[in-house]
Amino acid sequence: MYNNGVKIRMIVLFFLIFVGGCGGSVTRYVNPTANFSYIRKVAVLPFNNLSDDRYAGERIRNTLIVDLMSRGAFDVVEQGEVTKVIGIIFREAGVEEGKAVPVDKEALKLIGEKLGVQVVILGSVDEYSSSGGNVVSVAMRMLDTSSGIILWQAKATETGRSVWRKLVGIEDVERSELTKSVVKRILDTLL
């Protein structure tokens, strides 16, 4: 029979093995002069998708919007309205549809005025893959629409694979779960 010390070590080892494939790093920056108390309403812009999955940017954006709304910290502009306003602004500026959205100080001011938002959240999906194991890597930043100043920025990576998980025979964590986890971990650095 096992004594309590051995049982505790086995439980800790199991925990490390199980969690070992789920973790990832988070890097964040918060502007030291930022005061978030004035923020009432945010717009989440489309994410730049640098991954091979053509829908990864929208998946991250949708997950982010749901998480933001569930926290109740800000009102969030409906994404169809955001897309419509961005389309109008960039068409007027002569930006080709389908090109990366250039977000300069003037565009931010227009977005802020037309949508009635104090800040926008935008970012990139750096990796959203399943080859060799599920990996989701996302960077986000919050910009003040009146000044263009970065108030907050964070980057996180989640992986569903690990040597430990393979040794024990546990399957990779699904990308949808990794997506929720990476968005939550990033927002936890803000809210």
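Keep in mind the model is a prediction, meaning the values are calculated, not measured.

In a regular helix each residue adds 1.5 Å, so 16 residues correspond to 22 Å; helix H2 (residues 56-71) covers 23 Å between its end C-alpha atoms and thus fits that length. Of the residues making up H2, those classed as buried are Ala56, Gly57, Ile60, Arg61, Leu64, Ile65, Asp67 and Leu68. Count one or two residues on from H2 and you reach Gly72, which has phi positive near 70 degrees.

Structurally, Ile60 can be placed in helix H2. Separated by 119 residues in sequence, Ile60 and Thr179 have C-alpha atoms that sit 6.6 Å apart.

Here the chain averages 83 in pLDDT, and 75% of its residues register 70 or above. Here helix H5 (residues 163-168) is the element of the chain with the lowest mean pLDDT, 47, and strand E2 (residues 41-44) is the one with the highest, 98. In this model residues 163-169 is a low-confidence stretch, pLDDT under 50, and it forms 11 contacts with partners more than four residues away in sequence or in other chains.

Turning to the side chain of Ser51, a few remarks are in order. Relative to the helices and strands, Ser51 resides in the loop between strand E3 (48-49) and H2. Residue Ser51 is classed as buried on the basis of its relative accessible area, which comes to 15%. At a separation of 2.7 Å, a polar atom in the side chain of Ser51 contacts the side chain of Asn49. Looking at Ser51, its side chain comes within polar contact range of the main-chain nitrogen of Asp53, at 3.2 Å. When near neighbours in sequence (up to four residues on either side) are disregarded, Ser51 contacts Ala56, Val125, Asp126, Glu127 and Tyr128.

In this section: the packing of H2 against helix H3 (residues 79-92). Interaxial distance between H2 and H3 falls to 12 Å at its minimum, and their mutual angle equals 125 degrees. If you check the angle between H2 and H3, you find them oblique. Every residue of H3 that contacts H2 at Glu58, Arg61, Asn62 and Ile65 is listed here: Gln79, Val82 and Thr83. Residue classes in the contact of H2 with H3 are distributed as 2 nonpolar, 3 polar and 2 charged.

For soluble globular proteins, nonpolar side chains are generally found buried alongside one another. Core analysis: the largest hydrophobic core is formed by 29 residues, its most contacted members being Ile60, Leu64, Leu68, Met140 and Met142. Broken down by secondary-structure element, the contributors of at least two residues to this core are E2, H2, strand E5 (119-129), strand E6 (135-144), strand E7 (150-159) and helix H6 (175-188). In contact with Met140, not counting residues within four places along its chain, are Phe47, Ile60, Leu64, Leu122, Gly123, Trp152, Gln153, Ala154, Val183 and Ile186. Within the second largest apolar cluster, 16 residues are counted, among which are Phe90, Leu115, Val117 and Leu143.

A few words on the pattern of salt bridges. With the rule as written, the count across this model stands at 9 salt bridges. Across the pair Asp53 and Arg175 runs a salt bridge whose closest N-O atoms are separated by 3.3 Å. Placement of Asp53 in the loop between E3 and H2 and of Arg175 in helix H6 is noted, with a sequence separation of 122 residues between them. Its relative accessible area of 13% is what places Asp53 among the buried residues. In this structure, Glu177 and Lys180 form a salt bridge, with 3.4 Å as the shortest nitrogen-oxygen distance. Note that Glu177 and Lys180 are positioned in helix H6 at a spacing of 3 residues, about one turn of the helix. Each of Asp67, Arg71, Lys184 and Asp188 takes part in a single network of salt bridges with overlapping partners.

Our focus in this paragraph is the environment of Thr33. Within the fold, Thr33 resides in the loop between strand E1 (26-30) and E2. In this structure, the C-alpha to C-alpha distance between Thr33 and Leu151, residues 118 residues apart in sequence, is 8.2 Å. Polar side-chain contacts of Thr33 include one of 2.7 Å to the side chain of Asn31.

The rules behind the values
Residues numbered from 1 in each chain as written. Predicted model: local features only at pLDDT ≥ 70, side-chain atom pairs only at ≥ 80, totals over all residues. Heavy atoms only, no water. Helix = DSSP H or I, 4+ residues; strand = E, 2+ residues; numbered from the N terminus. Expected span 1.5 Å × (residues − 1). Buried < 20%, exposed > 50% of the residue type's maximum accessible area, 1.4 Å probe, protein only. pLDDT = per-residue confidence, 0-100. Contact = heavy atoms within 4.5 Å. Polar contact = N/O pair within 3.5 Å; in protein donor to acceptor, adjacent residues only side chain to side chain. Axes fitted to C-alpha atoms, helices over the stretch in contact; angles between N-to-C directions. Parallel < 35°, antiparallel > 145°, perpendicular 65-115°, else oblique. Nonpolar A, V, L, I, M, F, W, Y, C, P; charged D, E, K, R; others polar. Core = buried A, V, L, I, M, F, W, Y, C linked by side-chain atoms within 4.5 Å. Salt bridge = Lys/Arg side-chain N within 4 Å of Asp/Glu carboxyl O.

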